[in-house]
Amino acid sequence: MYADIAQARVRLQDWPGAAAAAKTAIDMGGDTPYALSTYSQALEAQKLLPEAKEVMSRAVSREPKNARYRYRLGRIALQLNDRQTAMQEFQRTIELDPQFVEAPLSLASIQIDEDLIPEAKETLASVEGSPAAPTGILNNVKAKLALAEGDLVNAQTLAEAALHEQRDAQNLSLCIRVAIARGDARSLSVGQASAQVKLWAKELDALGELGSILDLSRRSPKYFD
């Protein structure tokens with residue numbers, strides 16, 4: 001019963017309530033993988049990431065062939081900057097369920113960050129043309145790849161297409177990075193790039209992403225003056 005209450009709280013996005021109900025279920029002996037996953041989700045939503053990872057690891061150990069659990073563990077590991085674990089879990093997810101398109105997209109994104117460009121291209125090719133692939137996420141990853149390869153025209157087009165699909169922190173940050181790269185490459189004046197950067201930075205700030213803004217501004221201060 002408490003596990004069902006926890007899931008109802010999840011749907012309401014009452015994360016403290018969901019965590020409390022799920023923990024009660026677990027403490028009463030109902031430590032099923034489902035209850036553990038729900039508890040981990042509630043902890044993750046509250047940014048209690050080490051605890052969320054530990055609980056999700058328990059769910060995975062109980063159901064090691066559950067692709068969705070593997071993927072969630074990978075996403076939590078990524079937020080903790082444990083990239084090796086994240087890549088391992090995403091790869092395992094793909095092996096367990098080749099139709100789970102979010103996993104190769106997440107894996108390709110990390111591979112680009114790690115400068116594993118040939119591997120990223122191969123991973124992306126596995127989902128290219130799949131109707132299940134979320135367009136916004138696919139465009140985000142393809143924009144990251146174009147940026148890594150110095151193809152700023154395609155990087156801009158794809159990043160802005162991703163932003164049009166979803167105005168979230170990941171897409172806003174990517175658009176800022178592309179604008180800065182264009183300014184550095186002089187395909188856009190510093191003034192024009194700075195104007196775009198500041199507009200997107202305001203949106204990032206409204207999303208509570210001050211840390212992302214500070215990180216970007218430290219790397220490229222002249223665009224944030």
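I will try to describe carefully the structure that is included in this document.

1. A short note on the packing of aromatic side chains
So, point 1. Applying the stated rule across the entire model yields two aromatic pairs.
So, point 2. Taken together, a centroid distance of 5.3 Å and an interplanar angle of 40° make the contact between Y71 and F90 tilted. Placement of the pair is Y71 in helix 5 (residues 67-79) and F90 in helix 6 (residues 83-96), with a sequence separation of 19 residues.
So, point 3. The class of Y71 is buried, set by a relative accessible area of 14%.
So, point 4. Here the aromatic rings of Y71 and F100 are separated by 5.1 Å at their centres, their planes lie at 45°, and the arrangement is tilted. Of the two residues, Y71 sits in helix 5 while F100 sits in the loop between helix 6 and helix 7 (102-113), which places them 29 residues apart along the sequence.

2. Thoughts on the environment of A148
So, point 1. On the secondary structure map, A148 appears in helix 9 (residues 135-148).
So, point 2. With a relative accessible area of 46%, A148 lands in the partly exposed category.
So, point 3. For A148, the residues in contact, after removing those within four places along its chain, are I112 and I117.

3. Thoughts on the packing of helix 7 against helix 8 (residues 117-125)
So, point 1. The geometry of helix 7 relative to helix 8 is characterised by a closest axis approach of 8 Å and an angle of 165° between their N-to-C directions. Classed by the angle they form, the pair helix 7 and helix 8 counts as roughly antiparallel. Read as a crossing pair, helix 7 and helix 8 show a hand that is left-handed. Seen from helix 7, the contacting residues are P104, L105, L107, A108, Q111 and I112; seen from helix 8, they are I117, E119, A120, T123 and L124.

4. A few points about the pattern of salt bridges
So, point 1. Counting across every chain of the model gives 15 salt bridges.
So, point 2. Between E95 and R92 there is a salt bridge whose closest N-O contact spans 3.3 Å. Residue E95 and its partner R92 are both found in helix 6; the two are separated by three residues, about one turn of the helix.
So, point 3. Classification of R92 by relative accessible area gives partly exposed; the value is 29%.
So, point 4. Taking the shortest distance from any N to any O, the salt bridge between D215 and R219 comes out at 2.9 Å. Placement of the pair is D215 and R219 together in helix 13 (residues 210-219), with a separation of four residues, close to one helical turn.

Each value, and the rule that gives it
Residues numbered from 1 in each chain as written. Predicted model: local features only at pLDDT ≥ 70, side-chain atom pairs only at ≥ 80, totals over all residues. Heavy atoms only, no water. Phe/Tyr/Trp six-rings, centres within 6.5 Å; stacked < 30°, edge-to-face > 60°. Helix = DSSP H or I, 4+ residues; strand = E, 2+ residues; numbered from the N terminus. Buried < 20%, exposed > 50% of the residue type's maximum accessible area, 1.4 Å probe, protein only. Contact = heavy atoms within 4.5 Å. Axes fitted to C-alpha atoms, helices over the stretch in contact; angles between N-to-C directions. Parallel < 35°, antiparallel > 145°, perpendicular 65-115°, else oblique. Left-handed = near helix turned anticlockwise from the far one by under 90°. Salt bridge = Lys/Arg side-chain N within 4 Å of Asp/Glu carboxyl O.

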